[in-house]
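# What the coordinates show
Here are the chains, one letter per residue:
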Amino acid sequence: MTIKSIKNVKNLTGKRVLVRCDFNVAVKKNKITDDFKIVQSLPTIRYLVARQARIILLTHFGRPEGKRMESYKLNVIRARLEKLLGKKVAYVPDCIGKQAQAAVAKMKNGQVILLENIRFYKKEEKNDKKFAKALASLADSYVNDALAVSHRKHASVAAIQKYLPSYAGLLLAKEVLNLNKILSPAQPLAAVIGGAKLETKVPVIKNLRKKATAVLIGGMITYDFLAAKKLSTGKYKVEKAQKKLAKKLLYKNVILPLDFVAADKNKGAGKIKVVPANSLPTNMWQLDIGPETIRLYARYLKAAKTIIWNGPMGMFENEHFKNGTLAIARLVAAVSSGKAFGIVGGGETVAALKQTKMMEHVDWVSTSGGAMLEYLAGNKLPGLKKIIY
């Protein structure tokens, strides 16, 4: 595999470099609550600044669906970026057209500008070629530093590669190199897959189970597996399509929970107790993996030399149901950066890992969730087409 890194470009002085970032961070009351993605993008930006390039940053933020919305403007992103960089960042309230062109034309070497939210434009998500060409006209080269959107056929990710020499940013290159260690793992490999929406997990489970000693299941998707095994799903009703999907995944090394922490109300209020996984009471919801499951999963994780984790084990945001997810987080962190090579990815999964204050012990914490799963499923991502081959 060859990665066309921006490091391969010898002379960047004075060159206009359009960098596709992922600054889609958590914001509450106009304050950023988690700047992890911005921090991870800093090495690429600093690399370009040090080489006196003219850096044009492009990102999405939220889901404005092609409309200009005040709550999704990038003022708060720009402010945090300036603070982290220790450098002024110009903000252009447009992505294409005369205003953007004028701002770029005035740029000096080493300067950084941030263009408006790319998802204010309907043509972005339609992968419109004319829109991509207009974006490309602002720069001499293009850098993708956003694995998280590289599975999207969007203009600033896919179509733009037709119009500019395209490269991987430092973050993207690291993401790919680390994910490749899962695809060609040191054995044994243990995969922990949780969360919801089984349809997004099917391809990665199918691919990883060929390489893994165990694929450990948790979270909402567990209901689908219970239904596939004709076991009680409690108060939760599994759709036929989900049951059918899960039935195809009942491999010997796909390991299901032994017990649950269950409640008789889906928000976690009311009666709470530990129940066997094969007999979830019909009046209850499973909201976390139980102690026997934690012990079982711990044996696989402690024996592993490679670990990948995506998706919480239950309703970890609730005090009563966070133990299983945090136990997995601590186990993954404890064996990573030493005995095992560990990767964690996905927004909720990373949020859970942060709660343990052991994040720095994990070998690689990905900025991506869905795109990571697609890459690990063996799929070719549109955003990497002319960058990685």
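This text gives an overview of the structure that appears in the document. Within each chain, residues carry numbers counting from 1 in the order of the written sequence. Reporting of local features is limited, given that this is a predicted model, to residues whose pLDDT is at least 70; pairs of side-chain atoms are given and counted only at 80 or more, and all residues count toward the totals for whole chains, interfaces and linings. Based on all heavy atoms of the structure, the side-chain values leave hydrogens and waters out of the count.

Below, the discussion takes up the layout of surface pockets. Each pocket or cavity is described by its volume, and for the largest pocket that value is around 1300 Å³. Along the walls of the largest pocket sit 40 residues, with R63, G346, G347, G369 and G370 positioned nearest its centre. Elements with a minimum of two residues in the lining of the largest pocket: helix 1 (36-50), helix 7 (198-208), helix 12 (347-355) and helix 13 (370-376). Numbering of helices and strands runs from the N terminus; a helix is a DSSP stretch of H or I covering at least four residues, while a strand is a stretch of E covering at least two. Examining the composition of the lining of the largest pocket, we find that 5 residues originate from one element, helix 12, more than from any other. Its residues placed into classes, the lining of the largest pocket shows 10 nonpolar, 18 polar and 12 charged. Site definitions follow a grid-based scheme: protein atoms alone, a 1 Å grid, a 1.4 Å probe that fits but cannot get out for cavities, and for pockets an open set with protein on both sides within 12 Å along at least five of seven lines, plus lining residues having an atom within 4 Å of a point. Grid points are joined across faces, edges and corners, and a volume is the space filled by probe spheres set on the points. Put simply, the second largest pocket is a space of about 450 Å³. Surrounding the second largest pocket, 19 residues form its lining, K380, L381, P382, L384 and K385 being those nearest its centre. For this scheme, ten residues count as nonpolar: Ala, Val, Leu, Ile, Met, Phe, Trp, Tyr, Cys and Pro. Four count as charged, namely Asp, Glu, Lys and Arg, and the remainder, Gly too, count as polar.

This part takes up the packing of aromatic side chains. Describing an aromatic ring pair means giving the distance of the ring centres and the angle of the ring planes. Here is the rule: rings of Phe, Tyr and Trp (six-membered ring for Trp) pair when centre to centre is within 6.5 Å. Planes less than 30 degrees apart are stacked, more than 60 are edge-to-face, and the remainder are tilted. Applying the stated criterion across every chain yields a total of 3 aromatic pairs. Considering the side-chain rings of F61 and Y72, the 5.7 Å spacing of their centres and the 85 degrees angle between planes classify their relative orientation as edge-to-face. One end of the pair, F61, is in the loop between strand 4 (54-58) and helix 2 (75-85); the other, Y72, is in the loop between strand 4 and helix 2, and 11 residues separate them in sequence. Relative accessible area serves as the criterion here: at 24%, Y72 is assigned to the partly exposed category. Note on geometry: a ring has a charge over it if NZ (lysine) or CZ (arginine) is within 6 Å of the ring centre and within 35 degrees of the ring normal. A cation over an aromatic ring shows up here: K4 above the ring of Y167, its NZ or CZ 5.2 Å from the ring centre. Between the NZ or CZ atom of R209 and the centre of the ring of Y251, over which it lies, the distance is 3.8 Å. Under the scheme applied here, a residue whose accessible area is under 20% of the maximum for its type counts as buried, over 50% as exposed, and between as partly exposed, the area being computed with a 1.4 Å probe on protein chains only.

Before going further, it helps to spend a moment on the pattern of salt bridges. Salt-bridge detection follows one rule: a side-chain nitrogen of Lys or Arg within 4 Å of a carboxyl oxygen of Asp or Glu. Applying the stated criterion across every chain, the model contains 9 salt bridges. Between K354 and D34 there is a salt bridge, with the nearest N and O atoms lying 2.4 Å from each other. A residue pair is termed long-range when its members are at least 10 positions apart, and K354 in helix 12 and D34 in strand 3 (residues 31-34) qualify at 320 residues. Taking relative accessible area as the criterion, K354 reaches 29% and is therefore assigned partly exposed. With its nearest N and O atoms 3.5 Å apart, the salt bridge here joins D94 to R68. Taken together, the residues span a long stretch of sequence, with D94 in the loop between strand 5 (89-92) and helix 3 (98-105) and R68 in the loop between strand 4 and helix 2 at a distance of 26 residues.

Right, let's talk about helix 6 (residues 170-183) for a bit. Counted at 1.5 Å a residue, the expected span for helix 6 with its 14 residues is 20 Å, and the 20 Å between its end C-alpha atoms agrees. Summarising burial for helix 6: 10 of the 14 residues are buried, a large majority. Along helix 6, the residues classified as buried are L170, L171, L172, A173, E175, V176, N178, L179, N180 and I182. Take the residue count of a helix, subtract one, and multiply by 1.5 Å to get its expected span.

Once that is clear, we can look at the sheet that holds strand 10 (residues 214-217). With parallel pairing, 6 strands are arranged side by side in an open sheet as 11-10-9-15-16-17. A strand with exactly one partner marks an edge of an open sheet, and here the two such strands are strand 11 (254-255) and strand 17 (364-365). Examined bridge by bridge, strand 16 (residues 341-345) and strand 17 share 2 bridges and lie parallel to one another. Its bridge partner being in strand 17, I343 is matched across the sheet by W364. Contact between two residues is taken to exist if any of their heavy atoms lie within 4.5 Å; hydrogens are not considered. Axis definition: a line fitted to C-alpha atoms, limited for helices to the stretch in contact. Angles are taken between N-to-C directions and run from 0 to 180 degrees. In the packing of helix 10 (residues 291-303) onto the sheet, contacts are made with strand 9 (189-193), strand 10, strand 11 and strand 15 (306-310), and the angle to strand 10 comes to roughly 145 degrees. Here, a strand pair is defined by DSSP locating no fewer than two bridges between the strands.

Take the sheet that holds strand 6 (residues 112-115) next. The pairing of strands in a sheet comes from backbone hydrogen bonds and takes either a parallel or an antiparallel form. The 6 strands lie next to each other as 5-6-4-1-7-8, forming an open sheet whose pairing is parallel. On the outer flanks of this sheet lie strand 5 and strand 8 (166-168), each paired with one strand and no other. Taken pair by pair, the neighbouring strands of this sheet meet at an average axis angle of 25 degrees, ignoring direction. With 4 bridges connecting them, strand 5 and strand 6 associate as parallel partners. Counted as the bridge partner of Y91 is L114 from strand 6. Across the sheet, helix 3 touches strand 1 (16-20), strand 4, strand 5 and strand 6, and the angle it forms with strand 5 is around 160 degrees.

In short, the description is geometric, and any link to function would need to be established separately.
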